[in-house]
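The lines below spell out each chain.
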Protein chains: 2
Amino acid sequence: MTVTSRDVAQLAGVSQPTVSRALRDDPRVSEATKVRVRQAAARLGYVPSDVGRALSSGRTRRIGLLLTDLENQFYPHIIAPAFHQLESLGYQLMLHTEAADNDVVAERLISNGLDGVLLATSTIDSVVPLRLRDRGLPFAYFNRTSTAVHADSAVVNPLRGMDEAAAALIECGHRRIAAILGPANTSTAINRENALREALAHHGVSIPAHYVHRGPFDTATGQAGTQRFLEMAEPPTAIICGNDVVAFGALNAARSAGVDVPGDVSIVGFDDLPSAAWPIIRLTTIAYDLDAMVRRAVELLVDRIENPQRPVEESAFESRLVMRDTLGHIR
Amino acid sequence: MTVTSRDVAQLAGVSQPTVSRALRDDPRVSEATKVRVRQAAARLGYVPSDVGRALSSGRTRRIGLLLTDLENQFYPHIIAPAFHQLESLGYQLMLHTEAADNDVVAERLISNGLDGVLLATSTIDSVVPLRLRDRGLPFAYFNRTSTAVHADSAVVNPLRGMDEAAAALIECGHRRIAAILGPANTSTAINRENALREALAHHGVSIPAHYVHRGPFDTATGQAGTQRFLEMAEPPTAIICGNDVVAFGALNAARSAGVDVPGDVSIVGFDDLPSAAWPIIRLTTIAYDLDAMVRRAVELLVDRIENPQRPVEESAFESRLVMRDTLGHIR
DNA sequence: CTCCTTGTTGCATACGTATGTCTATAATAA
DNA sequence: TTATTATAGACATACGTATGCAACAAGGAG
């Protein structure tokens, strides 16, 4: 059923290695032979086998993207640019998700024969980076990092965005400010929390413990946190969310509670997903160049694969506040 | 650097084939040997190579999912359940996107050594199904079908949903009804259009040509179509959208134009994505069990791989109207 | 005591491609 | 003419695993 390079070789009257070389346009094969081989290949409908190639060359030209929750609205915005950037570099993308057992995940990544891995959801205590390093399997951090292993990374620097957000909140008269943050074992959540607290501190404002809600970066977290805040005797007048998806949950909770945004409570997101700009949402949020960040992570990873000795490079992307309709003056 | 089954064999004092069998728990290997082999494997940190396995066994245990636009909000809701269902069956998922040249896509699918392919975006005139069939590469249609090749499929039957939607529209006094439909070369768009027209015909209503807008299933299409409709001298009082993502675009356009939904215009979607139920959206839409449909497509495909002779099975999923807040009485 | 089973393992080989080395032929220079 | 080099292709082999088959030992049946 399958046509192999041997079949092509036979039809073209050459050896199998010559077919291999001819079809990859190796200069060692004469033009006349190339033509003959290409014709034979076309006649037989020959399609080279990636598996055979991978085994022989020791490279699959496939890289893995490790995520947690595939349903999350955030991920398509990673997957799409990563896919296209990799495609343009001649690589393919393979999705993987974290499982309860980190070691199982690492084994799967290794057994897959991937040329490299993009870690988009590493917790700071994950063993995956360790396992990959021990195997010599190249990887890069995207969006999050782990302190356990130093490696190439592309992340957001939340400082400026949080500064601008804090200034805008203060300017609008907000003093009772709450935060819905991501999991405490992610660098993303930690960095954003630190940046936020520092920015508010410049204005003499701090976030009390009861105004902090933590949970996964999903809508349910935003919804639960906001609901909790709104039921308080003295609810916050503004809620900063760990990311846009969380903020969408917050908007939902406010709407469900019949609470006006930004009249009764202001809500700020982080990421500036395309849907944040939708006229029916118009979320005030902290933006950065997500596409460029993805492309950078891919670029770093592929370069690392092809050039293992290069020093580690940590790429940070600037953030800024985008004012829309969910942040307003206190009533 | 890489530990192979040979290394394990040497350490355990057995032959390489025995390692292969022992680790896969082959009954032909004695328990004592299995223990020895497993210990040796653990000590060396041996992880079997999928590539070697694939070449030897002729199967990769990977299936491809062919999509068009990875950014589309619709796809995460396909990718996630497909991924998990495949994982539970011991398969891995590989994303692929359509390209300008269909033949290139088909070649890529074939060269990848996939065990099967899920076609989620076939146009009715795509050559991909033909190429796959010619190669004997199993595939199944998801959501859309192509008439060119008969194959397993899991699709929505829009009849009931459209009937209920038409009845609700008429009940609410709508007569000037517009439609924003998908690409004319997709079975999905055709089936939904036919179902809609038929349903309306029962009530003596038809959709004039100028009330029809066609385009890809994305928000831009919904936005453009709605904007066009709203600028008309006699705009429609209701707009039926090809799917929810299109409907989101329609909602955006209405909001941008300062037009009230459903006061000035009603909007109906199709798919009932999780976000359609969000309190800040509350889209009236036609629902079906998307998760079950995905799982069914995966199930059919995997079964086809393992049991090639089974007769073709076409699975249709019932649809129904979900009333929320974007369909209301005409003013 | 021989034959046959049963259970366990090793041997040989296949899967499809890539690549280092060697050879034959032709072209060039002396 | 001969020696030298360049060129083009063949040959051999490697990559890591799986699997049909042979081999062998131990034990039971006749």
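Residues numbered from 1 in each chain as written. Chains lettered and ligands numbered in written order. Predicted model: local features only at pLDDT ≥ 70, side-chain atom pairs only at ≥ 80, totals over all residues. Heavy atoms only, no water.

## Notes on the relation of the copies chain A and chain B
Using the following cut-off: Superposition of the copies used a least-squares fit over C-alpha atoms from residues whose pLDDT is at least 70 in both. Any two residues whose heavy atoms approach within 4.5 Å at even a single point are treated as in contact.
For these two chains of identical sequence, chain A goes onto chain B by a turn of 180 degrees and a shift of 0.0 Å along the axis, with RMSD 0.0 Å. Here the copies are linked by what is in effect a two-fold axis. Take the interface residues of chain A: 96% of them recur as interface residues in chain B, which is what a same-surface contact looks like.

## Focus: the domain arrangement of chain A
Interfaces are often sized by the amount of accessible area the parts lose when they come together. Residues and elements named next belong to chain A. Under the convention used in this document: Note: domain ranges come from an automatic or database domain assignment. Summed over both partners, the accessible surface that disappears when two parts come together, traced with a 1.4 Å probe, is what is meant by buried area. Whenever Lys or Arg places a side-chain nitrogen within 4 Å of a carboxyl oxygen from Asp or Glu, that contact is recorded as a salt bridge. Pairs of N or O atoms are called polar contacts if they sit within 3.5 Å, as long as, within protein, a hydrogen donor faces a hydrogen acceptor (for residues adjacent in sequence, only side-chain-to-side-chain pairs). Helix and strand definitions here come from DSSP, where helices need a minimum of 4 consecutive H or I residues and strands a minimum of 2 consecutive E residues; each element is numbered from the N-terminal end. The residue classification treats Ala, Val, Leu, Ile, Met, Phe, Trp, Tyr, Cys and Pro as nonpolar and Asp, Glu, Lys and Arg as charged. All others, Gly included, are polar.
Partitioning chain A into structural domains gives domain 1 (5-48), domain 2 (62-156 + 290-318) and domain 3 (157-287). Once you take the C-alpha centre of each, domain 2 and domain 3 turn out to be 28 Å apart. Carbon and sulfur atoms make up 52% of the area that domain 2 and domain 3 hide from each other, which totals about 1400 Å². Counting the surface domain 2 buries against domain 3, the share from its top three residues, Arg 144, Val 156 and Glu 318, is 37%. Taken together, the links from domain 2 to domain 3 amount to zero salt bridges. Linking domain 2 with domain 3 are five residue pairs in polar contact (both at pLDDT 80 or more), by the criterion used here. Those elements giving two or more residues to the side of domain 2 that touches domain 3 turn out to be β5 (153-157) and β11 (314-318). Among the elements that make up the side of domain 2 that touches domain 3, the one with the highest residue count is β11 (three residues). Its residues assigned to classes, the side of domain 2 that touches domain 3 comprises seven nonpolar, six polar and three charged.

## A few points about the packing of aromatic side chains
As a reminder of what qualifies: Stacked, tilted and edge-to-face are the three classes applied to pairs of Phe, Tyr and Trp rings, where Trp contributes its six-membered ring and a pair requires centres within 6.5 Å; stacked means planes under 30 degrees apart, edge-to-face means over 60, and tilted covers the rest. Only protein chains enter the accessibility calculation, which uses a 1.4 Å probe. A residue is then buried if its area is under 20% of the maximum for its type, exposed if over 50%, and partly exposed in between.
Inspection of the entire model under this criterion finds 10 aromatic pairs over all chains. Taken together, a centroid distance of 5.6 Å and an interplanar angle of 45 degrees make the contact between Phe 248 of chain A and Trp 278 of chain B tilted. Taken as a pair, Phe 248 of chain A in helix α11 (residues 244-256) and Trp 278 of chain B in the loop between β9 (266-271) and β10 (284-287) lie in two separate chains rather than in one. Trp 278 of chain B matches Phe 248 of chain A in its accessibility class, with the two residues each being buried. Here the aromatic rings of Phe 270 of chain A and Tyr 288 of chain A are separated by 6.0 Å at their centres, their planes lie at 45 degrees, and the arrangement is tilted.

## Side note on empty space enclosed by the protein
We apply this condition: Using protein atoms alone on a 1 Å grid, points that fit a 1.4 Å probe yet trap it form a cavity, whereas open point sets bounded by protein on both sides within 12 Å along at least five of seven lines form a pocket; residues with an atom within 4 Å of a point count as lining. Grid points are joined across faces, edges and corners, and a volume is the space filled by probe spheres set on the points.
Throughout the structure, instances matching the rule amount to five cavities of 30 Å³ or more. Taken together, Asp 50, Val 51, Ala 54, Thr 60 and Arg 62 of chain A together with Asp 50, Val 51, Ala 54, Thr 60, Arg 62 and Asn 112 of chain B make up the lining of the largest cavity. Taken together, the elements giving at least two residues each to the lining of the largest cavity come down to α4 (50-57) of chain A together with α4 (50-57) of chain B. Classifying every residue of the lining of the largest cavity gives four nonpolar, three polar and four charged. In this structure, the second largest cavity spans a volume of roughly 60 Å³. What lines the second largest cavity is Asn 143, Val 155, Val 156, Pro 158, Ser 187, Thr 188, Asn 191 and Arg 192 of chain B. Every element with two or more residues in the lining of the second largest cavity is listed here: β5 (153-156) and α9 (187-201) of chain B. With four residues, the single largest contributor to the lining of the second largest cavity is α9 of chain B. Across the lining of the second largest cavity, the residue classes break down as three nonpolar, four polar and one charged. A domain-level breakdown of the lining of the second largest cavity finds at least three residues from each of domain 2 (62-156 + 290-318) and domain 3 (157-287) of chain B.

## Concerning the sheet that holds strand β8 (residues 238-241) of chain A
Residue and element names in this part refer to chain A. Rules: Between any two strands, pairing holds if DSSP finds at least two bridges. Angles shown run from 0 to 180 degrees and are taken between the N-to-C directions of axes, each axis being a line fitted to C-alpha atoms and, for helices, limited to the stretch in contact.
Overall, mixed pairing links the six strands, which are arranged β7-β6-β8-β9-β10-β12 in an open sheet. If you trace the sheet from one side to the other, it starts and ends with β7 (212-214) and β12 (320-322), each paired once. Taking the axes of each pair of neighbouring strands and ignoring which way they run, one obtains an average angle of 20 degrees across the sheet. When strand β6 (residues 177-181) meets β7, the two strands line up parallel, connected through three bridges. Within β7, the position partnered with Leu 181 by the bridge is Arg 214. Strands in contact with helix α8 (residues 159-171) are β6, β8, β9 (266-271), β10 (284-287) and β12; relative to β12, the strand with the most contacts, it is inclined by about 50 degrees. Contacts from helix α9 (residues 187-201) reach β6, β7, β8 and β9 within the one sheet, and its direction differs from that of β6 by about 170 degrees.

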